[in-house]
Amino acid sequence: MKFHSSLRLCSLAVALALPHLAKAEIAVKSGEKIAFLGDSITVGGWGNPAGYVRLVIAGLEANGVKAEAVPAGISGHKSDQMLARLDKDVLSKKPQWMTLSCGVNDVWHGPRGVPLDDAMAKSGTYDDKVSTRGTYKKNITAIIDQAQAAGVKPVMLTATVIHENLDSKENGLLAPYNAFLRELAKEKKIPLADLNAMFQERIKTENKPGVKVLTSDGVHMNVEGNKLMAIGVLQALGLNAAELDKAKAAWPALESAAVEAAKKAAEAKAKAAAEKAGKK
């Protein structure tokens with residue numbers, strides 16, 4: 001009798017534990033909007049038929065989640081500019097989610113960049129307008145705080161790379177910016193897509209010095225870079241390995257569309273050049 005009672009108690013304990021053992025669900029639900037706040041990398045992520053933004057949306061749909069993208073990338077933008085347009089380009093669109101991709105230009109723009117903090121603002125070599133741009137830590141924290149206050153769930157993306165030489169000066173300067181993003185994501189308890197870590201691991205694994213593995217120019221994404229960014233974002237949104245496989249299976253169609261679009265753009269450019277030459 002004691003044996004059967006113990007067995008029933010064990011069965012009950014297992015049953016109670018099952019909800020906690022069940023796999024995590026995809027965080028985004030059908031009908032929700034995802035705003036993609038960023039710079040030229042995000043512009044390409046939307047403008048390219050196989051850009052990372054398009055791949056994320058297609059990957060979700062392949063798993064039964066029909067989400068809507070709110071593209072909010074502007075080329076060259078830094079943290080202060082993203083903060084300034086947050087309400088207009090993101091919050092006013094009433095998204096449920098927002099990915100934040102920011103940091104490359106804050107570092108890459110050198111004297112016109114945004115210092116990490118007040119100490120860097122005082123010790124760094126910046127132009128005379130640096131004080132108007134604030135600091136990266138203050139700007140990013142304000143973006144996250146304002147998004148959460150508006151009921152928007154942020155997803156933090158670490159900045160990718162500045163040149164695929166991981167020992168470059170620029171990547172060294174970028175490191176503390178990404179360290180801050182990781183710390184802030186943990187503090188605010190928000191999902192993190194650690195793209196920089198993923199990029200570094202892939203570049204090291206490929207081990208092809210002088211070859212662009214993930215970017216077209218050292219900063220902007222090529223086909224593989226867009227796919228790796230999308231994988232990072234989808235993982236942050238809760239997709240497991242099997243769901244990622246479903247997502248990836250939907251991408252070849254978008255890649256074909258991107259090739260066709262590039263071909264048409266090249267033909268149009270050649271035609272315009274020929275017409276211009278003919279008029280001379």
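Each remark here, short or long, concerns the structure printed above.
What you are looking at is a predicted structure, and each value in this text was computed from that prediction instead of being measured.

> How should the overall build of the protein chain be read in this particular structure?
Secondary structure summary: the protein chain contains 13 helices and 5 strands in total. In terms of overall dimensions, the protein chain has a C-alpha envelope of 100 × 50 × 45 Å along the principal axes. The buried share of the protein chain, taken over its 280 residues, is 42%. Pairs at least 24 apart in sequence give 71% of the contacts found in the protein chain among residues at least 6 apart. Taken as a whole, the protein chain presents about 14600 Å² of accessible surface, with 58% of it coming from carbon and sulfur. Here the protein chain holds 38 positive side-chain charges and 30 negative ones, and the gap between their average locations is 3 Å.

> Looking at this model, I keep getting lost on the side chain of T215. Mind explaining?
Along the chain, T215 falls in the loop between α10 (195–206) and α11 (223–236). With relative accessibility at 1%, the residue T215 sits in the buried group. Sequence-distant contacts of T215, that is, excluding residues within four places in its chain, are made with V161, E164, H220, M221 and N222.

> Is there a simple way to think about the nonpolar core in this case?
By size, the foremost hydrophobic cluster in this structure holds 75 residues, and its most contacted members are L60, M98, L100 and I140. Setting aside residues up to four positions removed in sequence, M98 forms contacts with A35, L37, L86, V90, I143, A147, V152, K153, P154 and V155.

> Where do I start with helix α8 (residues 136–149) in this structure?
Turn by turn, an α-helix covers 3.6 residues, leaving residues three or four places apart pointing in a common direction. Here α8 is 14 residues long and its end C-alpha atoms lie 20 Å apart, about the 20 Å a rise of 1.5 Å per residue gives. Residues of α8 that are buried include every one of Y136, N139, I140, I143, I144 and A147, and no others. Projected onto a plane normal to the axis of α8, the buried residues spread over an arc of 130° and lie on a single side. Turned more than 90 degrees from where α8 packs its buried face, K138 and A149 sit exposed. Looking at the residues trailing α8, positive phi occurs at G151, about 85°.

> What should I look at first to understand the side chain of S168 in this one?
Here S168 shows up in the loop between β4 (153–157) and α9 (169–188). A relative accessible area of 10% means that S168 is categorised as buried. Of note is the side chain of S168, whose polar atom sits 3.1 Å from the side chain of N171. Apart from residues no more than four positions distant in its own chain, S168 is found in contact with I162 and H163.

Conventions and cut-offs
- Residues numbered from 1 in each chain as written.
- Predicted model: local features only at pLDDT ≥ 70, side-chain atom pairs only at ≥ 80, totals over all residues.
- Heavy atoms only, no water.
- Helix = DSSP H or I, 4+ residues; strand = E, 2+ residues; numbered from the N terminus.
- Buried < 20%, exposed > 50% of the residue type's maximum accessible area, 1.4 Å probe, protein only.
- Contact = heavy atoms within 4.5 Å.
- Areas by Shrake-Rupley, 256 points an atom, 1.4 Å probe, with all protein chains shown as cover.
- Lys, Arg positive; Asp, Glu negative; His and termini not counted.
- Charge placed at Lys NZ, Arg CZ, Asp CG, Glu CD.
- Core = buried A, V, L, I, M, F, W, Y, C linked by side-chain atoms within 4.5 Å.
- Expected span 1.5 Å × (residues − 1).
- Arc of directions from axis to C-beta.
- Polar contact = N/O pair within 3.5 Å; in protein donor to acceptor, adjacent residues only side chain to side chain.

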